[in-house]
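Observations on the three-dimensional arrangement
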Amino acid sequence: MFAAMARTTRAAAAAAANKKKQQEEEEKPKCEKKDEEEEEEEEEDLGVSVHNTQTFAAGESQASTTSTTPPPPTSKKRKAVIVEEEEEEEETKVVKKKALGKGQKNKNKVMIPAARTPGMKMFVGAHVSMAGGVQNAITNSLNIGGNAFALFLKSQRKWVSPDMKEADAKAFREGCEKNGIDPKKHILPHGSYLINLANGDPAKAQQAYDCFLDDLKRCERLGIGLYNFHPGSTLGLSRTASLKRIAQALNKAHSETEFCITVLENMAGAGNVIGGAFEDLRDIIAQVEDKNRVGVCLDTCHLFAAGHDIRTQKSYNTVMSSFDRIIGRKYLCALHLNDSKTALSSKRDLHQNIGLGFLGLEPFRLIMNDERLQGLPLILETPTGDGEEGKTWAEEIKLLESLVGMDGDDSVFLAKAKELAERGVADRGAAGIAAKKKAAKPKKG
């Protein structure tokens, strides 16, 4: 009987405790609940995003300024529509890793503790996740053997994000010093895809500028000296006026910050997207007042898609000479190393793993042996599967580093190039079929 009474008493006490806890949760301030939800969403957005789109800015710049978040991706391969060519579909591969709570272990995480190669003059790395805190990007880069890295400083899909925690910023600065990473030279943050400094609408241009300036200030708070961004889109307006608006925004941002270099990225050149031609970047730089605060990042996939063939020594030399003549080698601050899922001059921004695409392995051998590129951050933005970014990028970093000092007729190189090309046959074939179907479609108008 006493045992039954004790059980009844314990059950009643447990029920009362649960009821009290429920009441406390219901009485919790709504703003506190909202902060927790936003923080969880923010950390989810800070995972790795390997972009395969021309730019989100072209479409998102036309969205209402009251909107803070574009539609989230619904699958690993999603469609992004370029505003000026709504009928064209671009695949986007997104790898997202939710931040781990304290004491949690991600059983599905594939991590390769690949040691960094010491003494390298070619600083290869990848665009890694900062989920859980900006300092985690350092660890993620070290785990794949990176001597350089890129990251998002906040959600790339939101206009406004919570401020960076000072404890995280301090841990980042200390992590760079501890691991011998020069944040002014070998870290290349990527700007939000929403930003379009060329936007002709005053309210939307201000929204883009505020997001852009916030990124620059975050860079300087972390001691980072480079900030890479997409130039944007004319949205059908005058190209000359659009380039002028970009330069004006850069001049203003430079006056409100101290040292971070704003790094323009070349683009694949579809429709109204700015940056497919070297002349676009040249004309922006010409209007920037402080030439020490502006530079260029060359993306190999974008180069190829825009019609710059870099697959042989001769054509590579021609393209780089053209860059030197039109823009100037002194402005080259970084490279994005990506193969291409589509053929030369496709105008499509679809990244492929090194050696598997239409570029092949040779252009990357040429890059890794170009002494003029020594000391620059060389960043991979190649596709990965869920949880596989560590393995994929660690292997690609070691592959690229192995090309240093290797001749194009070396039997080891030729065998590796053939192996990778064979692995990419199916994807290249599918791309060719898709291109033929697109060409066969009747043009509108």
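My aim in this report is to walk through the structure given alongside it, one point at a time. (Residues numbered from 1 in each chain as written. Predicted model: local features only at pLDDT ≥ 70, side-chain atom pairs only at ≥ 80, totals over all residues. Heavy atoms only, no water.)

We now examine the overall build of the chain. Within the chain one finds 14 helices and 11 strands. Within the chain, the fraction of its 445 residues that count as buried is 51%. Counting contacts in the chain only where the partners sit at least 6 residues apart, residues at least 24 apart contribute 79% of the total. Counting every atom, the chain has about 20700 Å² of accessible surface; 52% of that belongs to carbon and sulfur. (Helix = DSSP H or I, 4+ residues; strand = E, 2+ residues; numbered from the N terminus. Buried < 20%, exposed > 50% of the residue type's maximum accessible area, 1.4 Å probe, protein only. Contact = heavy atoms within 4.5 Å. Areas by Shrake-Rupley, 256 points an atom, 1.4 Å probe, with all protein chains shown as cover.)

Look at helix 7 (residues 239-255) against helix 8 (residues 278-286): their axes get within 8 Å of each other, and the N-to-C directions meet at 50 degrees. Between helix 7 and helix 8, the angle is such that the two are oblique. Viewed along their axes, helix 7 and helix 8 form a crossing whose handedness is right-handed. In this structure, helix 7 contributes Arg 239, Leu 243, Ile 246, Ala 247 and Leu 250 to the contact, and helix 8 contributes Asp 280, Asp 283 and Ile 284. (Axes fitted to C-alpha atoms, helices over the stretch in contact; angles between N-to-C directions. Parallel < 35°, antiparallel > 145°, perpendicular 65-115°, else oblique. Left-handed = near helix turned anticlockwise from the far one by under 90°.)

The subject of this paragraph is the state of the cysteines. A full pass over the atoms with the stated rule returns 0 disulfides. Take Cys 219: it sits in no disulfide, and the sulfur closest to it among the cysteines is that of Cys 260, at 4.1 Å. By relative accessible area, which is 0% here, Cys 219 ends up buried. (Disulfide = S-S within 2.5 Å.)

Helix 10 (residues 313-326) packs onto helix 8 with a crossing angle of 25 degrees between their chain directions and a minimal axis gap of 10 Å. It follows that helix 8 is roughly parallel to helix 10 by the angle criterion. The way helix 8 lies across helix 10 gives a crossing that is right-handed. Note on element contacts: helix 10 touches helix 8 through Val 319, Ser 322, Phe 323 and Ile 326, opposite Phe 278, Glu 279 and Arg 282. The residue inventory of the contact of helix 8 with helix 10, partitioned by class, reads 4 nonpolar, 1 polar and 2 charged. (Nonpolar A, V, L, I, M, F, W, Y, C, P; charged D, E, K, R; others polar.)

Turning our attention to the sheet that holds strand 8 (residues 332-337). Across the sheet, which stays open at both edges, the 7 strands sit in the order 4-3-11-8-7-6-5 with parallel pairing between neighbours. The open sheet is flanked by strand 4 (148-150) and strand 5 (226-229), the only strands paired with a single partner. The average angle at which neighbouring strand axes cross in this sheet is 30 degrees, direction not considered. Of the pairings in the sheet, the one linking strand 3 (residues 123-127) to strand 4 comprises 3 bridges and is parallel in character. (Pairing = 2+ DSSP bridges.)

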